[in-house]
Amino acid sequence: MREAALLLASCTVLCLLLSLSDAARQGQDIRCGACRALVDEMEWAISQIDPKKMIQTGSFRINPDGSQSIREVPLARSEGNLLELMEIVCERMEDYGEHTDSSTNRKSYVRIKSRSGETMDLSEATLDSRVTASLKFSCETIVEQHEDEIIEFFAHETDNVKDKLCSKRTDLCDHALKMPHDEL
């Protein structure tokens, strides 16, 4: 009788630890997915601005030698534009659905609404308002906690922003380096 009670207690503890591990992994999948979606949305928004549009930045004070410290930067990658984009980017998380990899059981997030109005294949995506809310909350948290890093990466054109920002700089994606670059 005592051995059965010990076995039952051991199984209960093991099941609890496994469920906590699954919950932690699911939370990490959401944070990683939110970061990767944020990068995609920021890159798309930046690409929609005419690259020829410039904005003057710097100090408008006149130096003792009569010059000013003004320089022109592309509007799309200016700090002011990036801050504006970061205020609205998390609203776009409602355009994403959840996809579960059958081999690893890891979750990823895919766009379910086309930007151009074309129909999309949604057979692999799960649409759930709780997931969307979690994705949006994670996105808002990332923007709040990593604002400086986001501006730093997007102010200058950089390759592989998803990997560099979401994995290397913020550690939000421990598995992202193993994901194909076109997957989100």
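Residue numbers restart at each chain and count upward from 1, following the sequence in its written direction. For a predicted model such as this one, the threshold for reporting local features is a pLDDT of at least 70, and the threshold for listing and counting side-chain atom pairs is 80 or more; totals across whole chains, interfaces and linings nevertheless cover every residue. Working from all heavy atoms in the structure, the side-chain values ignore hydrogens and water.

Participant: What is the right way to read the overall build of the protein from this model?
Facilitator: Only DSSP runs of H or I reaching four residues or more are called helices, and only runs of E reaching two or more are called strands; each is numbered from the N terminus. Regarding its fold elements, the protein presents 5 helices and 4 strands. Moving toward the C terminus, one meets the helices and strands of the protein in the order α-β-β-α-β-β-α-α-α. Looking at the protein residue by residue over its 184 residues, the buried ones come to 33%. The long-range share in the protein, meaning contacts at least 24 apart out of those at least 6 apart in sequence, stands at 59%. A simple rule labels every residue: compare its accessible area, found with a 1.4 Å probe on the protein chains alone, to the largest value its type can have, and call it buried under 20%, exposed over 50%, or partly exposed in between. The criterion used for residue contact is that any of the two residues' heavy atoms lie within 4.5 Å.

Participant: Is there a simple way to think about a nonpolar patch on the surface in this case?
Facilitator: Side chains of Met120, Leu122 and Leu127 sit close together on the surface and give an oily, nonpolar patch of about 250 Å² of accessible area. The residue Met120 is located in the loop between strand E4 (107-111) and helix H3 (129-145) in this model. Within this analysis, patches are made of residues with over 30% relative accessible area and no salt bridge. Like charges are joined at 9 Å or less; nonpolar side chains (Val, Leu, Ile, Met, Phe, Trp, Tyr) at 5 Å or less. Exposure was quantified through the Shrake-Rupley algorithm and a 1.4 Å probe, taking into account, for residues, occlusion by the shown protein chains and nothing else. Put simply, a salt bridge is a Lys or Arg side-chain nitrogen that is within 4 Å of an Asp or Glu carboxyl oxygen.

Participant: Help me out: how do you make sense of the pairing of strand E1 (residues 54-62) in this one?
Facilitator: In the case of a regular strand, side chains alternate between the two sheet surfaces. When DSSP locates at least two bridges between a pair of strands, those strands are taken to pair. The pairing of E1 with strand E2 (residues 68-74) spans 7 bridges and is classified as antiparallel. Bridging across to E2, Met54 finds its partner in Pro74. Between the end of E1 and the start of E2, which pair antiparallel, lie 5 residues, with Gly66 showing a positive phi angle near 90°.

Participant: Just checking my understanding: could you explain the state of the cysteines for this structure?
Facilitator: Think of a disulfide as a covalent bridge from one cysteine sulfur atom to another cysteine sulfur atom. Here, the term disulfide refers to a pair of cysteine sulfur atoms separated by no more than 2.5 Å. In the structure shown here, the tally under the stated rule is 3 disulfides. Across the disulfide, Cys35 is cross-linked to Cys166 (sulfur-sulfur distance 2.0 Å). One quick way to see it: the torsion about the S-S bond of Cys35 and Cys166 is about -90°, and its sign makes the bridge left-handed. Taken as a pair, Cys35 in helix H1 (residues 2-47) and Cys166 in helix H5 (residues 161-169) lie far apart in primary sequence, 131 residues in all. Here Cys35 and Cys166 have matching classes, each one buried. There is a disulfide in this structure between Cys90 and Cys139, and the S-S distance comes to 2.1 Å.

Participant: Help me understand the environment of Ser138, please; the structure alone is not making it clear to me.
Facilitator: Secondary-structure assignment places Ser138 in helix H3. The class for Ser138 is buried, based on a relative accessible area of 10%. Other than its neighbours up to four places away in sequence, Ser138 contacts Ile30, Arg31 and Ala34.

Participant: What am I meant to see in the nonpolar core here?
Facilitator: Generally speaking, soluble globular proteins have nonpolar side chains that are buried together. Take the buried residues of types Ala, Val, Leu, Ile, Met, Phe, Trp, Tyr and Cys, join any two whose side-chain atoms come within 4.5 Å, and each joined set is a nonpolar core. Of all hydrophobic cores here, the largest spans 34 residues; its most connected members are Leu38, Met42, Cys139, Val143, Ile150 and Phe154. Within the residue set of this core, elements represented by two or more residues are H1, helix H2 (79-88), H3, helix H4 (147-155) and H5. Sort the elements by how many residues they give to this core and H1 lands first, with 10 residues. The residues touching Val143, leaving out its near neighbours within four places in the chain, are Leu38, Met86, Val89, Cys90 and Ile150.

Participant: Honestly, the packing of H2 against H4 in this entry has me stumped. Any pointers?
Facilitator: Think of two packed helices as two axes; the pair is described by the angle between the axes and how far apart they sit. Axis lines are fitted to C-alpha atoms, over the contacting stretch for helices. Their N-to-C directions set the angle, which ranges from 0 to 180 degrees. The contact between H2 and H4 brings their axes to 10 Å, and the two run at 125°. When the interaxial angle is binned, H2 and H4 end up oblique. In terms of crossing hand, the pair formed by H2 and H4 is right-handed. Contact residues: Glu79, Leu82, Leu83 and Met86 in H2; Glu147, Ile150, Ile151, Phe154 and Ala155 in H4. Of the residues that constitute the contact of H2 with H4, the class distribution is 7 nonpolar, no polar and 2 charged. Working rule for angles: under 35 degrees goes down as roughly parallel, over 145 as roughly antiparallel, 65 to 115 as roughly perpendicular, anything else as oblique. Here is the rule for handedness: rotate from the far helix to the near one, and if that takes an anticlockwise turn smaller than a right angle the crossing is left-handed, while a clockwise turn gives right-handed. For this classification, the nonpolar set comprises Ala, Val, Leu, Ile, Met, Phe, Trp, Tyr, Cys and Pro, the charged set comprises Asp, Glu, Lys and Arg, and every other residue, Gly included, is treated as polar.

Participant: Explain unusual backbone geometry to me, please; I cannot follow it from the model alone.
Facilitator: Most peptide bonds adopt trans geometry, and most residues besides glycine take a negative phi value. The backbone of Asn160 sits at a positive phi, close to 55°, despite the residue not being glycine. Positionally, Asn160 belongs in the loop between H4 and H5. For Asp171, which is not glycine, the phi dihedral falls at a positive 60°. Within the secondary structure layout, Asp171 lies in the segment after H5.

Nothing here speaks to function; it is all geometry.
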